[in-house]
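# A closer look at the structure
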Amino acid sequence: MISHVDYLSEKDTVPMLICFVVPCYNEEESLPLFYDEACRVANVLRQQSHAEAEFIFVDDGSGDKTLEKLRALHAKDERVHYISFSRNFGKEAGLYAGLKAAKGDYVATLDADLQDPPSLIPEMLQFLLENKDYDCVATRRKTRKGEPPIRSFFAKMFYRIINKMSGTEIVDGARDFRFMTRKFVDAVLSLSEYNRFSKGIFSWVGFKTHWISYENIERAAGKTKWNFWSLFKYSIEGIAGFSTVPLALSSFLGVFCCLIAFIGIIVVVVRALLFGDPVAGWPSMISIMLLIGGLQLFCIGIVGEYLSKTYTEVKHRPLYLTKETDGEDRRFTPSANV
Ligand code: UDP
Ligand code: MG
């Protein structure tokens, strides 16, 4: 078998294949812009590195004309492939489906809105060709410029909390824009969990990763699909997926409350013995009962969160269902969770 390393010497006979994996949800406005830029980059790759490119678009149940646009692109350019989901399964499922369909020696994952500049790909390929002990080039934003301050604040808090709790490093500002070797992609695909948190999965699989930073770029067209609530759910996904510290924390909280209660009982008993037992302190008692009740519910909630994740995992539902593909056999992958 020819590895990516051998291609440098084999380059006159077997061209490398670079796959662009692009999740798309209601991206009819961005798609033409993305396609033009991707074609330009594909030409650079051919000239610079004797590499061929193919584009795998994953239509994540879009309600607009994204699928029509993809059909048209496939009809005019055989490098364009697409998988269309039966409904919106989320970007994580889109990435998984795209990675699974990608057969390239190298795979890039990037957004359709040009916030992840495809023009960096030739540079990323060059890095991996020259540094054979690296298997991934990842990107992060230098700053959160252009983002609402409240969103930046919660994002920063999330990264601080998750990195304290999890043994897997989740890099602040990391984007899902990555360039990976076949080996790295296969490792990512071997984690077929239902509750996917790519930022954690990419880090968990290990391998040497080279980081490059760039300024935050505004969307080329269309609107962001993330609102505060979806980001909140995403962060819970991350914490529950890559840390069990909250479970330990709830036990700790329980023991702490028991200790306080124990000391309280001793104080009350001693006071009653010394000074009698005047009926007083109902408001404080109710407050304490509410507090303890609240803590209990909170802890049950944490346990419930993990239980629900286990429940969705054991059901072994597919990560996504395919409605339509461009017709290539290898891309008929209705069930991913195998
Ligand atoms: N996306 C997707 N499914 C979703 C939401 C988003 O495939 O349910 C895609 C979207 O089309 C885009 C990428 O994921 O290519 C990033 O989404 P977006 O630009 O809305 O996120 P942001 O850049 O604002 O974080
Ligand atoms: Mg975006």
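In what follows, the structure referred to is the one given above.
In this report, the structure presented in the accompanying data block is examined. (Residues numbered from 1 in each chain as written. Chains lettered and ligands numbered in written order. Predicted model: local features only at pLDDT ≥ 70, side-chain atom pairs only at ≥ 80, totals over all residues. Heavy atoms only, no water.)

## A look at the overall build of the protein chain
Test applied: Starting at the N terminus, helices and strands are each numbered in turn, a helix being any DSSP run of H or I of at least four residues and a strand any DSSP run of E of at least two. We compute the radius of gyration over the C-alpha atoms and compare it with the globule rule, which gives 2.2 Å times the number of residues raised to the power 0.38. We call a residue buried when its accessible area falls under 20% of the maximum for its residue type, exposed when it is over 50%, and partly exposed in between, using a 1.4 Å probe and counting protein chains only.
The helix and strand inventory of the protein chain stands at 11 helices and 8 strands. The C-alpha radius of gyration computed for the protein chain amounts to 25 Å, which surpasses the reference 20 Å derived for 338 residues by more than 25%, pointing to a less compact arrangement than a globule. Summarising its shape, the C-alpha atoms of the protein chain cover approximately 95 × 40 × 40 Å along the three principal directions. For the protein chain, the proportion of its 338 residues judged to be buried stands at 44%.

## Describing the state of the cysteines
Operational definition: In this description, a disulfide is simply a cysteine sulfur pair whose atoms lie within 2.5 Å.
Within this structure, the stated rule accounts for 0 disulfides. Cys19 forms no disulfide, and the closest cysteine sulfur to it belongs to Cys39, at a distance of 15 Å. Of the cysteine sulfurs around Cys136, a residue in no disulfide, the closest is that of Cys19, at 15 Å. Cys136 sits in the buried class, given a relative accessible area of 0%.

## Some points on the environment of Ile18
This is how it is decided: Contact definition: two residues touch when any of their heavy atoms are within 4.5 Å.
Within the fold, Ile18 resides in strand 1 (residues 16–24). It is 30 Å that separates the C-alpha atoms of Ile18 and Arg144, two residues lying 126 residues apart in sequence. Those residues in contact with Ile18, other than ones at most four positions away along the chain, are Leu45, Ala51, Glu52, Ala53, Glu54, Tyr106, Leu125 and Phe179.

## A short note on the coordination of the magnesium ion (ligand 2)
The condition is simple: Sites may look incomplete, because water is not among the atoms used; the donor set itself consists of N, O and S atoms within 2.8 Å of the metal (3.2 Å for Na, K and Ca).
With distances of 1.9 Å, the protein atoms coordinating the magnesium ion (ligand 2) are Asp113 (OD) and Gln115 (OE1). For Asp113, a relative accessible area of 3% corresponds to the buried category. Among the residues examined, Gln115 registers a relative accessible area of 18% and is labelled buried.

## Some thoughts on the site of ligand 1
Stated formally: Here a residue is near a molecule or strand as soon as one of its heavy atoms is found within 4 Å of it. Here a polar contact is taken to be a pair of N or O atoms separated by no more than 3.5 Å, where protein atoms must pair a possible hydrogen donor with a possible acceptor and residues adjacent in sequence count only if both atoms sit in side chains. Note on areas: these come from Shrake-Rupley sampling with a 1.4 Å probe, and a residue is covered only by the protein chains present in the view. Gly is put with the polar residues, along with every residue not named as nonpolar or charged; the nonpolar set is Ala, Val, Leu, Ile, Met, Phe, Trp, Tyr, Cys and Pro, and the charged set is Asp, Glu, Lys and Arg.
Around ligand 1, the surrounding shell holds 17 residues, and the nearest of these are Glu27, Asp60, Asp113, Gln115 and Thr224. Within the side chain of Asn88, an N or O atom sits 3.1 Å from an oxygen atom of ligand 1. A distance of 3.0 Å separates an oxygen atom of ligand 1 from a polar backbone atom of Ala112. Computed on the free molecule, ligand 1 has an accessible area of 530 Å², of which 90% lies beneath the protein chains in the complex. For the shell around ligand 1, the class distribution of residues is 5 nonpolar, 4 polar and 8 charged.

## Side note on the nonpolar core
Which entries qualify depends on this criterion: We define the nonpolar core as a collection of buried residues of types Ala, Val, Leu, Ile, Met, Phe, Trp, Tyr and Cys that are connected through side-chain atoms lying within 4.5 Å of one another.
Counting residues in each nonpolar core, the largest one holds 40 residues, and the members touching the most others are Phe20, Phe55, Phe57, Ile121, Leu125 and Phe179. Ranked by residues supplied to this core, first place goes to helix 2 (residues 30–49) with 8 residues. Contact partners of Phe57, with chain neighbours within four places excluded, come to Val22, Cys24, Leu31, Phe34, Leu70, Val80, His81, Tyr82 and Ile83. In terms of nonpolar packing, the next biggest core, distinct from the first, is built from 35 residues, Ala97, Val107, Met180 and Phe202 among them.

## Comments concerning the environment of Pro23
Positionally, Pro23 belongs in strand 1. Pro23 gets classed as buried once you look at its relative accessible area, which sits at 11%. When the C-alpha positions of Pro23 and Ile288 are compared, they lie 50 Å apart, and in sequence the two are 265 residues distant. The residues contacting Pro23, other than those within four sequence positions of it, are Val58, Lys91, Leu95, Leu110 and Ala112.

## As for helix 2
What counts is decided by this rule: For a helix, the expected span equals 1.5 Å multiplied by the number of residues minus one.
With 20 residues, helix 2 should cover 28 Å at 1.5 Å per step; its first-to-last C-alpha distance of 27 Å lies within 8% of that length. On its buried side, helix 2 packs onto strand 1, strand 2 (51–59), helix 3 (66–76), strand 3 (80–85) and helix 5 (121–130).

## Regarding the side chain of Ser30
With respect to the helices and strands, Ser30 occurs in helix 2. Ser30 gets classed as buried once you look at its relative accessible area, which sits at 1%. Leave out the neighbours within four places in its chain, and Ser30 touches Ala112, Asp113, Arg219 and Ala221.

## A few points about the pattern of salt bridges
Selection criterion: Salt bridge, as applied in this entry: a Lys or Arg side-chain nitrogen positioned within 4 Å of an Asp or Glu carboxyl oxygen.
Summed over the entire model, instances satisfying the criterion amount to 14 salt bridges. With a closest N to O distance of 3.2 Å, Arg40 and Glu37 form a salt bridge. Residue Arg40 and its partner Glu37 are located together in helix 2, separated by 3 residues, close to a single helical turn. For Arg46, the salt bridge is made with Glu52, and the minimal N-O distance between the two is 3.2 Å.

## A look at a nonpolar patch on the surface
Definition in use: Each patch is built from residues that are more than 30% exposed by relative accessible area and take part in no salt bridge. Like charges join if they lie within 9 Å; nonpolar side chains (Val, Leu, Ile, Met, Phe, Trp, Tyr) join within 5 Å.
On the surface, Ile150, Phe153, Phe154, Met157, Ile161, Phe228, Trp229 and Phe232 cluster together to form a nonpolar patch covering roughly 820 Å² of accessible area. When contributions to the nonpolar patch are tallied by element, the ones reaching two or more residues are helix 6 (149–165) and helix 9 (228–242). One can find Trp229 in helix 9.

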